[in-house]
Amino acid sequence: MNKDVIYIEPEDDITDIITKIENSKEKIIALVPPKKAGVFRSIVNIKLIAKAGAGAEKTIVLVTTDPSIIKLAAGVKLPVTKNLKTAPAIPTEEDEIEEDGEIEEVVEEALEEEEINEEPEEEAEAVEEKAEEPEEKAKKAKKNEKKEKAGGFLANAKNPALVWIREHKKASAGIGAGLVLLILVGVWAFAIAPAATITLSLRTIKNNFSENVTFTENALEEDASAGKFYLTQYKVENVIDVEFEATGEKNVGEKAKGEVVVYANLVYSPRGGSTNIGNTFTNNGLSFVATDGTTLSYTDAKSCENVDDDMDLSEAMAELYDNGCRLSARVKVEAAAPGTAYNLEATSAGWRASSSGVQVYSDSAMTGGTDKIVKIVTQSDIDKALDSIETASVEEKKEKLLETVPEDDFVIDASFSQVVGEAETTPKVGEEVAEGSVAKLSVKTTDSIFTIDKTKVEEFITEKAKINDGYKIFSMDDPFIENFMRVESGYTGKLKTSYVAGPKLTENDVVEIVKGKGFGTAQHDLGSIDGMGTVRIDGSMPWMNSVPNNPEKITVIFETAEK
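The present account deals with the structure reproduced in this document. (Residues numbered from 1 in each chain as written. Predicted model: local features only at pLDDT ≥ 70, side-chain atom pairs only at ≥ 80, totals over all residues. Heavy atoms only, no water.)

### Considerations on the overall build of the chain
So, step 1. In terms of regular secondary structure, the chain is built from 14 helices and 25 strands.
So, step 2. Taken over 563 residues, the chain has a buried fraction of 35%.
So, step 3. Considering only contacts within the chain whose residues lie at least 6 apart along the sequence, 74% involve residues at least 24 apart.
So, step 4. By element, 49% of the accessible surface of the chain is carried by carbon and sulfur atoms, the whole surface being about 33600 Å². (Helix = DSSP H or I, 4+ residues; strand = E, 2+ residues; numbered from the N terminus. Buried < 20%, exposed > 50% of the residue type's maximum accessible area, 1.4 Å probe, protein only. Contact = heavy atoms within 4.5 Å. Areas by Shrake-Rupley, 256 points an atom, 1.4 Å probe, with all protein chains shown as cover.)

### Focus on the nonpolar core
A general tendency of soluble globular proteins is for nonpolar side chains to be buried together.
So, step 1. With 25 residues, the main nonpolar core has Ile 17, Ile 21, Leu 31, Phe 40, Ile 49, Ile 60 and Leu 62 as its most contacted residues.
So, step 2. It is helix 2 (residues 43-55) that provides the largest number of residues to this core, a total of six residues.
So, step 3. Those residues in contact with Ile 49 that lie beyond four places of it in its chain are Ile 14, Ile 17, Ile 21, Leu 31, Phe 40 and Ile 60.
So, step 4. The next biggest cluster of nonpolar side chains, apart from the first, holds 21 residues, and it includes Phe 229, Phe 450, Ile 452 and Leu 495. (Core = buried A, V, L, I, M, F, W, Y, C linked by side-chain atoms within 4.5 Å.)

### What to know about the packing of aromatic side chains
So, step 1. The tally for this structure, following the rule as stated, stands at nine aromatic pairs.
So, step 2. Pairing Phe 288 with Tyr 342 gives two aromatic rings, centres 5.7 Å apart and planes at 80°, and the pair type is edge-to-face. Taken together, the residues span a long stretch of sequence, with Phe 288 in strand 12 (residues 286-290) and Tyr 342 in the loop between strand 14 (327-335) and strand 15 (351-353) at a distance of 54 residues. Neither Phe 288 nor Tyr 342 differs from the other in exposure class; each is buried. (Phe/Tyr/Trp six-rings, centres within 6.5 Å; stacked < 30°, edge-to-face > 60°.)

### Observations regarding unusual backbone geometry
So, step 1. Put simply, Thr 426 and Pro 427 share a cis peptide bond, and its omega is 0°.
So, step 2. As for its placement among the helices and strands, Pro 427 is situated in the loop between strand 19 (424-426) and strand 20 (439-453).
So, step 3. A positive phi angle, close to 55°, is found at Glu 57, a residue other than glycine.
So, step 4. For Glu 57, a relative accessible area of 61% gives the class exposed.
So, step 5. Of note, Asn 284 is a non-glycine position whose phi angle comes to about 50°, a positive value.

### With respect to the sheet that holds strand 1 (residues 3-7)
So, step 1. Taken in spatial order, the four strands of this open sheet run 1-2-3-4, and their pairing is parallel. The open sheet terminates on both sides in strands that have one partner only, identified here as strand 1 and strand 4 (80-81).
So, step 2. Against the sheet, helix 1 (residues 14-23) makes contact with strand 1, strand 2 (28-32) and strand 3 (59-63), and its axis sits at roughly 155° relative to strand 2, the strand it touches most. (Pairing = 2+ DSSP bridges. Axes fitted to C-alpha atoms, helices over the stretch in contact; angles between N-to-C directions.)

### Observations regarding helix 2
So, step 1. For helix 2, which comprises 13 residues, the first-to-last C-alpha distance of 18 Å matches the rise-based estimate of 18 Å (1.5 Å per residue) to within 8%.
So, step 2. Residues of helix 2 that are buried: Ile 43, Val 44, Asn 45, Ile 46, Leu 48, Ile 49, Ala 52 and Gly 53.
So, step 3. Where helix 2 ends, the next residue or the one after it, Glu 57, has phi of about 55°, a positive value. (Expected span 1.5 Å × (residues − 1).)

Put into structure tokens, the structure is as follows:
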């Protein structure tokens, strides 16, 4: 356990010693008296030291080899050690009184001696002379010598005061105890207890502060005194997984299949032509796609025999058209989508070809189309899930982000942003959600916020605020940034707050002004300070008329009143 070693100065009085004990933060206190330790040669002072230690719940140890101090410490059972390295112990009362011992100890010894010696004085001396061994005689001679040195008042057994004490033992003991108690009360009342409370009502002024400032993400560009602050960004990344309902539907049944007959209204080439896979044919809005490439050929070779290779194109076309000679082909087709709606009977009505100059009809049915409706993920499903994430978690995310920001940082609340990354879904858009399962979305979000140095902000406000000479800022509302926005050179905003200013006065200033002064003088000196309102000084004791010299006994309370 740690101990506090206090070296007592020769000029320290008992009040100083007690104050040092009370101010110590350790539970064990070693007091080291000086060589001329007059204050430690009083049993009253020793008792006060012991009482102060007990009252403060601290163990007091005297570091001394002075027999007289050790003797007094034994009387109040105060631990003593000869140096700081040896273990302390409570001394016994067997130590002898030195020449400068306390009178009351000699009185106690005299009383004890009187109680033992109940025989007449002369007869007792004769008996003692016969019974004493040489060593005992030496001890008695030494004790008598000490009594003589203590003063004639007690050396003479016939002294009236000693006789009265001898005859009124109980009364004298009570008077002695009363005197000690009176001394203790006096020390407490006039040295320990007195304290003063100084209550000052300061006239203050409240002002608003508003200043345009800029921000940079480059630490080397910061110039806080000019209102350019370095931004520190804090980020928190989260991966959010949510389940959502797929509302899309898709038919994944079989597609109908069949054949159509394609023929040309006019002959574009007397040598024939072809259709390619992908050519589309429709019937009443239902689309069918060619699944193979087919060469168009003449439908009646005999009626087309008049066509000569030497004819020019116009002559050949006229000849073929007049004889009913047409290019035609049968083309295999498949429905563009699944479903029973594509199962069509053979018909020449309603068919259309995607290519101009060509006609189409079916001479056989379209068959094989079936229906199977399943749930699929749509983009609107994903957008809805993302909206629910942003709406439900922004405030919570902001709170979590601020937990990573040091308390001393100035947070620019308007700089908070939440970036939602690209969502990944299972299954993907347009894909089927298997029966019995749900669609899932996973997205990464990044929350960020900017802060600046709070101390530099307050210093900037203090420097730029319009404060009267001799005044200082007493309190300041939490500053905030308004209109925070990105510009080409960085960021800008307006720094705002309000503050209360009053006389530039600290508690230590007040203590130095009033300590040791009379109440009237102290009030006058404080009242003359610019901006000072009322001054009230309250003493802890009714008889007090001055402020204690000890700063620890002075409490200062500031009260403010706005103009």
